[in-house]
Every structure is written in structure tokens, then in C-alpha cells.
Amino acid sequence: MPDDGNMTLTGHLKELRNRLIVCAVVFVAAVVVTLAYADRLIDLLTAMGQGFYTFVSIAPQEKLMQYFRVSLLAAVVVTVPVALYQVYAFAKPGLKKSETFFLKLVILLGLALFVVGVMFAYKLMMPFMLRFLSTGIEGADYIQTTTSIESYVSLCLTMFIIFGCVFEMPLVTIILSKMGIANPEILPGRCHRAHLLHRSCRHPAGHRVPVHGGYPHGAALLCQHLPERHLLQAPL
């Protein structure tokens, strides 16, 4: 890097290449390590459903493929913090001090919130849901609750991703507010009007717009694009 702190395009590309190589090396090493512990990872997942489900492997390759699948996903989990740090280190020289602090805060909070969401699903939601789906429905007691390991792993991983993303919503709101997209001063008023959309919004041809009154955020977004004459004028 030159003395004035600037870097040529070639220098940026070389730095980006080096950081991508670091991420790739970490991912490959994580795959090798997690593959050795794939059986323990499968045990952690099936522990939530033991006693309620009988796990079977329908296809000849199904069990082996789930070992590779869990190992790859575990390697991704290990690589994501490293990749985020590489993004931070790559962008840091071009950011202001306040922007650097905000980016660091977003990365740390994003990782923490996602982990909290996954743990919430693993400790609370998944055991309750699996128990309810197995024993909470009355009748047809002769039906055995047997599931393939592929379907079970897919369900667990899907729920982990969903809850991890849901727990990211506070951070997403902060980012949108920082970017000026979500303005906390005008959203309450828009949400108040949005609750009335399912009674007052009409298509120009006279057809009602199917907006759910219990989902104010989506309706508030719709409020921004509908003409005023289609909204019920009510004091805020």
C-alpha cells in the first residue's frame, strides 16, 4: 500500500483474492473436522425427537448423505464468522470511524442474535413442536410415528434458519432506520392508518384489496403507494 493510504485496483483485487483464499481454507478444514464428528452432530439433532419418532433410512445413500449434509452446514457455520471478519477488514480502511463502529456492531449483533434464535428453536420450540406433532393429535393411535432421517434433518435445519432469521429482525430494523428507509417518527401514524386498510382500501374498479389488518408493517408499506382517496381519513 502506498504511503498516502491509497491502493490501486490491482492491490484491491489481490487483497480480495487473499481474503477469499483464507475463507476457502477455513471452510475446507472445517469440513474435514466436522465430518469426523458428523455422527455426534446427528445425535444432537435426533435427541430432540427420541421417544416420539423412529428414524429410518429409506434410500441406501440417505444416511451417508445426511452425514455430509450436516458436516457441510457445520463448516458453513464455522466459516461465516471468519468471512464476516474478512469483509470487515477489507472495508475498514475506506470507512469513517463511526461507520467502522457501526459495521462491527452489526456483525457482532447479527451473529449473536442468530445464535440466540437457533438455541431458542433447539431448546424450546423444536422439542415442543415434535412432541405435539407426535402425541398432541388425538385419534388414529394405530399410526406409528416413523420418519426418514432426511426429512427430519431437513425440518430441523429449516426451523433453525427460520428462527435465526426471525431473531435478526431487530437488527434489520436498526439498519433500515440508519439508512433512512424506516423512519420511527412516521411509522406509528402509518401503522394506525394501516389497521383500517382492510375496511377502507378499494381498488379503482371497486374491488377490495385483500390486506390483513393484523399485519400492520406490510400494510403500512402498502399505505405509501396507495392514493390518499383510497384510505379512510381518520384522526391519528
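Residues numbered from 1 in each chain as written. Predicted model: local features only at pLDDT ≥ 70, side-chain atom pairs only at ≥ 80, totals over all residues. Heavy atoms only, no water.

With respect to the overall build of the chain
The line we're drawing: Here a helix means four or more residues in a row that DSSP labels H or I, a strand means two or more in a row labelled E, and each is numbered from the N terminus. Residue burial is assigned from relative accessible area. The probe radius is 1.4 Å, only protein chains are included, and a residue is buried under 20% of its type maximum, exposed over 50%, and partly exposed in between. Any two residues having at least one pair of non-hydrogen atoms within 4.5 Å are treated as being in contact. The accessible surface values rely on the Shrake-Rupley method and a 1.4 Å probe; as for residues, cover is taken only from the protein chains in view.
In terms of regular secondary structure, the chain is built from nine helices and two strands. In the chain, the succession of helices and strands from N to C terminus is α-α-β-α-α-β-α-α-α-α-α. A burial count over the chain gives 27% of its 236 residues as buried. Intrachain contacts of the chain at a sequence separation of at least 6 include 80% that bridge at least 24 residues. Of the accessible surface of the chain, which amounts to about 16000 Å², a share of 68% is contributed by carbon and sulfur atoms.

Some thoughts on helix α5 (residues 149-166)
What counts here: Each residue after the first adds 1.5 Å to the expected span of a helix. In this description, one arc is meant: the one made by directions from the helix axis to the C-beta atoms.
Over its 18 residues, α5 extends 26 Å from the first C-alpha to the last, a length consistent with the 26 Å expected when each residue adds 1.5 Å. Every buried residue of α5 is accounted for by I149, Y152, V153, C156, L157, M159, F160, F163 and G164. Seen along its axis, α5 keeps its buried residues to an arc of 160°; they face one direction.

Overview of the layout of surface pockets
Note the following rule: Only protein atoms enter the 1 Å grid used here, on which a cavity is any set of points holding a 1.4 Å probe that cannot leave and a pocket is any open set flanked by protein within 12 Å on both sides along at least five of seven lines; residues with an atom within 4 Å of a point are listed as lining. Grid points are joined across faces, edges and corners, and a volume is the space filled by probe spheres set on the points. Gly falls in the polar group here, along with every residue not listed as nonpolar (Ala, Val, Leu, Ile, Met, Phe, Trp, Tyr, Cys, Pro) or charged (Asp, Glu, Lys, Arg).
Approximately 910 Å³ is the volume attributed to the largest pocket. Forming the walls of the largest pocket are 24 residues, and the residues nearest its centre are L73, V77, F114, V118 and F160. When residues of the lining of the largest pocket are traced back to their parent elements, those giving at least two are α2 (38-46), α3 (62-91), α4 (97-135) and α5. Of the residues that constitute the lining of the largest pocket, the class distribution is 21 nonpolar, two polar and one charged.

A word on the pattern of salt bridges
So the rule is basically this: What makes a salt bridge here is a side-chain nitrogen of Lys or Arg within 4 Å of a carboxyl oxygen of Asp or Glu, nothing more.
Counted under the stated rule, the structure contains one salt bridge. We note a salt bridge from R19 to E15, for which the minimum N-O separation is 3.0 Å. Residue R19 and its partner E15 are located together in helix α1 (residues 9-36), separated by four residues, close to a single helical turn.

Side note on the packing of α2 against α3
How we decide: Here an angle of 0 to 180 degrees is reported between the N-to-C directions of two axes, which are lines fitted to C-alpha atoms, with helices fitted over the stretch in contact. Just so you know how the angles are binned, under 35 degrees is roughly parallel, over 145 roughly antiparallel, 65 to 115 roughly perpendicular, and the rest oblique.
Packing of α2 against α3 brings their axes to within 9 Å, and their N-to-C directions diverge by 90°. In terms of orientation, α2 lies roughly perpendicular with respect to α3. Residue-level inspection shows A38, D39, L41, I42 and L45 of α2 in contact with α3, the latter providing Q66, Y67, V70, S71 and A74. Class assignment of the residues belonging to the contact of α2 with α3 gives a composition of seven nonpolar, two polar and one charged.

Quick notes on the confidence of the model for the chain
Let me state the cut-off plainly: Looking at any residue, its pLDDT shows the predictor's confidence there, from 0 to 100.
Taken as a whole, the chain shows an average pLDDT of 78; of its residues, 72% reach a score of 70 or greater. Mean pLDDT in the chain bottoms out at helix α9 (residues 216-223), which sits at 46, and peaks at α5, which reaches 92. Taken as a whole, residues 194-236 scores under 50 in pLDDT and shows 51 contacts with residues more than four places along the chain or in a different chain.

Concerning the packing of aromatic side chains
Threshold: Between the rings of Phe, Tyr and Trp (Trp by its six-membered ring), a pair exists once the centres lie within 6.5 Å; its type follows the angle of the planes, with under 30 degrees stacked, over 60 edge-to-face, and the other angles tilted.
With the rule as written, the count across this model stands at four aromatic pairs. Consider the rings of F55 and Y152, whose centres lie 4.7 Å apart with planes at 65°: the pair is edge-to-face. With F55 in strand β1 (residues 54-56) and Y152 in helix α5, this residue pair connects regions lying 97 residues apart in the sequence. Ring geometry for F120 and F163: centres 5.9 Å apart, planes at 45°, overall tilted. Of this pair, F120 sits in helix α4 while F163 is found in helix α5, placing the two residues 43 residues apart along the sequence. According to the relative accessible area criterion, F120 is partly exposed, its value standing at 29%.

Remarks on a nonpolar patch on the surface
Convention followed: Two distance rules govern patches: like charges are joined within 9 Å, and nonpolar side chains (Val, Leu, Ile, Met, Phe, Trp, Tyr) within 5 Å, applied only to residues with over 30% relative accessible area and no salt bridge.
A surface patch of nonpolar side chains, amounting to about 460 Å² of accessible area, comprises M169, V172, L176, M179 and I181. The residue I181 is located in the loop between α6 (169-179) and α7 (187-194) in this model. Residue I181 is classed as exposed on the basis of its relative accessible area, which comes to 56%.

Re α4
Basically, it comes down to this: Fitting axes to the seven residues ending at a residue and to the seven starting there, one defines the bend at that residue as the angle between these axes.
The terminal C-alpha atoms of α4, which comprises 39 residues, lie 55 Å apart, in line with the 57 Å expected from a rise of 1.5 Å per residue. Its maximal kink placed at M125, α4 deviates by approximately 40°, while the proline P127 follows within four residues. When α4 is considered as a whole, its buried residues turn out to be T100, V106, I107, G110, G117, A121, Y122, M126, P127, L130 and S134. Buried positions along α4 lie against α2, α3, α5 and α6.

Things to note about the environment of T34
How we decide: We call two N or O atoms a polar contact when they sit within 3.5 Å, provided that within protein one can donate a hydrogen and the other can accept it, with sequence-adjacent residues counted only if both atoms are side-chain atoms.
In this fold, T34 is placed in helix α1. T34 sits 36 residues away from V70 along the chain, and the two C-alpha atoms are 8.4 Å apart. Excluding residues within four positions of it along the chain, T34 makes contact with L41, S71, A74 and A75. A polar contact is formed between the side chain of T34 and the backbone oxygen of S71, at a distance of 3.1 Å.

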